[in-house]
Amino acid sequence: METKNLLKIVIVGHVDHGKSTIIGRLLADTGSLPNGKLEQVQENCRRNSKPFEYAFLLDALKNEQRQGITIDMARCFFKTANRNYMIIDAPGHIEFLKNMVTGAARADAALLVIDAHEGIQENSKRHGYILGMLGIKQVAVIINKFDLADYKKDVYENIVKEYSEFLKNIGVTASSFIPASGRFGDNIVKGSENISWYKGPSILEQLETFALKPDNLEKSFRMPVQDIYKFTEQNDERRIVAGTIETGSIKVGDDVVFLPSGKENRISSIEGFNSPVRKEIGAPYATGFTLATQIYINPGEIMCKKGDALPTVASRFHVNIFWMGKAPFIKGKKYKLKLAAARVNAELVDIINVLDASELSSIKGKKQLDRHDVGECIIETLKPIAFDFVTDIESTGRFVIVDNYEIAGGGIVIGKAEDESSLLKDHVQKREYSWERGLVTSSVRAGRNHHRGKFIVFTGDKDSGTREIAKNLEQGLFNLNLNVYYLGMSSLVGGLDSDMKAVIEDRDEHIRRIGELARIMTDAGLIFITVIDGADEYDLDKLKLLNSPNEILVVNVGENYYTKFSPDLNFPANTPVKEATEKIKGLMSASDIIPSYCI
Amino acid sequence: MDHLESLEAQSVHILREAYREFKSLVMLWSIGKDSTVLLWLARKAFFGHAPFPLMHIDTAFKIPEMIEYRNNIALEWKLNLIVGQNKKALEEKQTYPDGKIDRLTCCRYLKSEALKHTLAGEWPRYRLNHSTGKFDIDVNKEAYTGVIVGVRADEEGSRSKERYFSPRDKQSDWNVDDQPPELWNQYKTDFAPGTHIRVHPLLDWTELNIWEYIEKENIPITSLYFDNGKGKRYRSLGCYPCTGSVESTARNVKEIIAELKSGKFANIAERSGRAQDKDDGGGLETLRREGYM
Ligand SMILES: Nc1nc2c(ncn2[C@@H]2O[C@H](COP(=O)(O)OP(=O)(O)O)[C@@H](O)[C@H]2O)c(=O)[nH]1
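What counts, and where the lines are drawn
- Residues numbered from 1 in each chain as written.
- Chains lettered and ligands numbered in written order.
- Predicted model: local features only at pLDDT ≥ 70, side-chain atom pairs only at ≥ 80, totals over all residues.
- Heavy atoms only, no water.
- Helix = DSSP H or I, 4+ residues; strand = E, 2+ residues; numbered from the N terminus.
- Buried < 20%, exposed > 50% of the residue type's maximum accessible area, 1.4 Å probe, protein only.
- Contact = heavy atoms within 4.5 Å.
- Domains from an automatic or database assignment.
- Near = heavy atom within 4 Å.
- Polar contact = N/O pair within 3.5 Å; in protein donor to acceptor, adjacent residues only side chain to side chain.
- Nonpolar A, V, L, I, M, F, W, Y, C, P; charged D, E, K, R; others polar.
- Phe/Tyr/Trp six-rings, centres within 6.5 Å; stacked < 30°, edge-to-face > 60°.
- Lys NZ or Arg CZ within 6 Å of the ring centre and 35° of its normal.
- Pairing = 2+ DSSP bridges.
- Axes fitted to C-alpha atoms, helices over the stretch in contact; angles between N-to-C directions.
- Salt bridge = Lys/Arg side-chain N within 4 Å of Asp/Glu carboxyl O.

Peer 1: What should I look at first to understand the overall build of chain A in this one?
Peer 2: Along chain A, the regular secondary structure elements total 14 helices and 26 strands. Each of the three principal axes of chain A carries a C-alpha extent, and together these read 100 × 60 × 45 Å. When the 599 residues of chain A are sorted by exposure, 57% land in the buried category. Within chain A, counting contacts between residues at least 6 apart in sequence, those at least 24 apart form 72% of the total.

Peer 1: When you look at the domain arrangement of chain A in this model, what are you seeing that I'm missing?
Peer 2: In many reports, interface size means the accessible area that the parts give up when they come together. Structurally, chain A comprises domain 1 (6–209), domain 2 (216–305), domain 3 (312–420) and domain 4 (434–598). Its C-alpha centre places domain 1 of chain A at a distance of 42 Å from the equivalent point of domain 2 of chain A.

Peer 1: Sorry if this is basic, but what is going on with the site of the ligand here?
Peer 2: Residue and element names in this part refer to chain A. With respect to spatial proximity, 16 residues lie near the ligand, and among them Lys-19, Ser-20, Thr-21, Glu-53 and Asp-147 are the closest. Between His-17 and the ligand, the recorded distance is 3.5 Å, taken from a backbone N or O atom to an oxygen atom. A distance of 2.8 Å separates an oxygen atom of the ligand from a polar side-chain atom of Arg-183. No other element matches helix H1 (residues 19–29), which puts three residues into the shell around the ligand. Here the residues of the shell around the ligand are counted per class, giving three nonpolar, seven polar and six charged.

Peer 1: Where do I start with the packing of aromatic side chains in this structure?
Peer 2: Two measures describe an aromatic ring pair: the distance that separates the ring centres and the angle between the ring planes. This structure, assessed with the given rule, holds 32 aromatic pairs over all chains. Seen from their ring centres, A:Phe146 and A:Trp197 are 6.1 Å apart, and the 50 degrees between their planes marks the pair as tilted. On the criterion of sequence distance, the pair formed by A:Phe146 in the loop between strand S5 (138–144) and helix H6 (153–169) and A:Trp197 in the loop between strand S6 (174–179) and helix H7 (203–209) is long-range, its members being 51 residues apart. The partly exposed category is assigned to A:Trp197, whose relative accessible area is 23%. Seen in terms of ring centroids, A:Trp197 and A:Tyr198 are 6.5 Å apart; in terms of plane orientation they differ by 85 degrees. Their pairing is edge-to-face. Given a relative accessible area of 11%, A:Tyr198 falls into the buried group. Through successive ring pairs, a cluster of aromatic residues spans A:Tyr229, A:Phe231, B:Tyr19, B:Phe46, B:Phe47 and B:Phe52. Its end group placed over the ring of A:Trp435, A:Arg519 keeps NZ or CZ at 3.7 Å from the ring centre.

Peer 1: What is the right way to look at the sheet that holds strand S6 (residues 146–148) of chain B in this model?
Peer 2: Residue and element names in this part refer to chain B. The strand order S5-S4-S3-S2-S1-S6-S8-S7 describes an open sheet built from eight strands, whose pairing is mixed. Only two strands of the sheet have a single neighbouring strand rather than two, namely strand S5 (135–137) and strand S7 (165–168). Along the sheet, successive strands turn relative to each other by an average axial angle of 30 degrees, direction set aside. Contacts from helix H5 (residues 103–120) reach strand S1 (25–28), strand S2 (54–57), strand S3 (81–84), S6 and strand S8 (196–199) within the one sheet, and its direction differs from that of S2 by about 145 degrees.

Peer 1: I'm lost on the pairing of strand S19 (residues 374–387) of chain A in this one. Help?
Peer 2: For a regular strand, the rule is simple: side chains alternate between the two faces of the sheet. All names here are of chain A. Counted residue by residue, S19 has 12 buried out of 14 residues, so it is predominantly covered. Two elements, strand S17 (residues 342–355) and S19, share eight bridges in a ladder whose sense is antiparallel. Its bridge partner lying in S19, Asn-353 is registered against Glu-376.

Peer 1: Is there a simple way to think about the pattern of salt bridges in this case?
Peer 2: Side-chain pairs of opposite charge can arise whenever the charged atoms involved come near each other. Residue and element names in this part refer to chain A. Applying the stated criterion across every chain, the model contains 54 salt bridges over all chains. With a shortest N-O distance of 3.4 Å, Arg-513 and Asp-497 are connected by a salt bridge. With Arg-513 in helix H12 (residues 507–523) and Asp-497 in the loop between helix H11 (489–494) and H12, this pair connects stretches of sequence that are 16 residues apart. We note that Arg-513, like Asp-497, is buried. Through salt bridges with shared partners, a single network forms among Lys-334, Arg-431, Glu-432, Asp-497, Asp-499, Glu-509, Arg-512, Arg-513, Glu-516, Arg-519 and Asp-523.

Right, dumping it as structure tokens:
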């Protein structure tokens, strides 16, 4: 097979409506079978005295008739003068929905098979719906087994009417409705005398008109940051922001902004290995950039171009989800949400509507999504993320939900939720309501301690000297007889956080624990000091909220990248330790945390 | 973007995804054309570097040129090369060439078992020392949780059922019927303790794509793939007692591409030179369920 363009098509539909037969036909009638395969299978059937079926060809090729049903999507190939095709055969059985989804998600176009005799069935609708959600725009509906309907035009028209109404409701437009017979070969590769009233394309003719995935170069620039590389050990000093460009294009010298952090920078170079030097690059290349200045950004942010329409940054949004997990999608449980390169913790806030799979009418009052349900929900991430609405940019408008290590749901973002409240605010409110106090009040405690409790967070770039300042501050305050404690981050990671897979991944949870810990320590009257490298504004907002009603003081060392949050103090990198601690003490005294004799 | 470029972009994306998600990651390098292309793609993804170890399972029956080629490339590209072997089976001569067992059992001992235990860190790993050019015992015994493998879907039936990120349980077993869904660019990157993930960046490549990419990128490849002067060449590399060559006068990459395009091998499976595939009906699938590559 030549490396020409390859169009991937998925073939879906209710079980037994004739998917395998159609594929067998397509392979046979385009001359794509290995020599002698057809004869061999026919001979086999004759010997076992069972009637020959085109579907057996597929089974013979895939050698997977273990349960008599297509277990997984498997691929087969054929070609025309025009290009190469890969057919992904997706199983129709409901138990294999996740395989069907996997197959369909990889496709450029889809054939949806409906049995003319049996008519529209549950999975004809469910599959249609999922194709729409997966973003497959090129769908041809094949009304198969037309021989059984005596090739009658009114059968065709009835199904077209009913099914196109359904498709319209879910926002999908079929490219064509093709009456066909897989068994007798009508309208598979070419038209047929039997259906002379039909003027549209045959299946193959329809396939030939489908387009490959567009490059989306004209759209706004989006590159989800997969990683930031620096291979210092290999004597490579480049700091490369790597990812796959989803849409748009960008040039050396262009100004960029990273979302959700809002940090800005400029493209300094486009990097590659064994490839010509480039000044410009666009979707869908997997590439890397160096930036004009060094900034701290996290994998998972989206790199955008200044001047382009930017993604939305929010933590509550309106989505459509289909659920494949064994356990239902429920409220009050933490899930991992993966959208483009971002991974964040998320929760289900509300279910607006659950669709009945067979009728796709809504079921009211459902509190959870069960396996194979499709629903409209509000979800909240524990930290704002950047996303697009799927109608604007698909690749940054869809996500998966991971439950218990498995991808359990897939979804698309259809809007931002208007509601301003958040799960975290609700949590803090509830926590404070049930906070059990001892007999020592905080003012009595502060009176004896001669100072109030305070949470002091140092942040900034890793090597900007934060730790020295923080530890010196602790010692200085301690020597003044104040109750102070410095918590090193590795003490936390090795202990309280040791159940977490990776702090980077579970950063939300890590931050949450620091915040809750701070609430307790400051309640105990302590001046509680810690250092969090590269905390972003959302981390700081969250810490502030979690530590409330007690007070927080944020000290940033090094460049101040914050766009929305303003730290209480800012020091340039490597400010002398003494100078910094004096200033901090000054501020603490001015705001009545520690007595004035301390400075 | 042409088809080869889009295959490259997808593979690079998958490799970066794997590198981001797995702390303990390794790439299997069989020295053949596919895994060498895979290695090249890693250098693409990581801007000239291979930031994880490359593991080769040496059955001791590999064609000698393969080992020579392996060591040269590893030194030149500064690879962290790790070699594993089933020493016990070799010492006890529990091998097919020694006449004690059949081909499939031999594959199981020298490849599957060796791979499983070397990945898990239970058997010694021999690490290339770049200053001496010799192999030292590796002190790292940590089990690898992410294993990058160069399988292609078009190689053979069972492989077309693979995912890009495919979980294996504690026994390295593969549950073909219950695989995780993969949507868009989202893969299974979370895994329960004790399980590991096989990563397949080359799943969508065909044999021809591989050769066209080798030509385009000028990737050095072992000369065993070319006509040895007697009108024979290897199409797939394995152990010498079980790997046959094909009739071919292709002397270089260009000629191999022309030969593949001519349809000469259209009806002959790529691995048909590998005798072990024929020994039982679903041979490779059985082996693969047990962790064979
Ligand atoms: N009469 C008739 N039977 C068909 C046609 N296409 C498929 N079938 C039969 O329908 C049954 C199911 O077909 P198959 O292709 O296995 O369905 P799948 O489950 O969708 O892959 C088989 O017995 C086929 O012979 C057709 O066009 N006409």
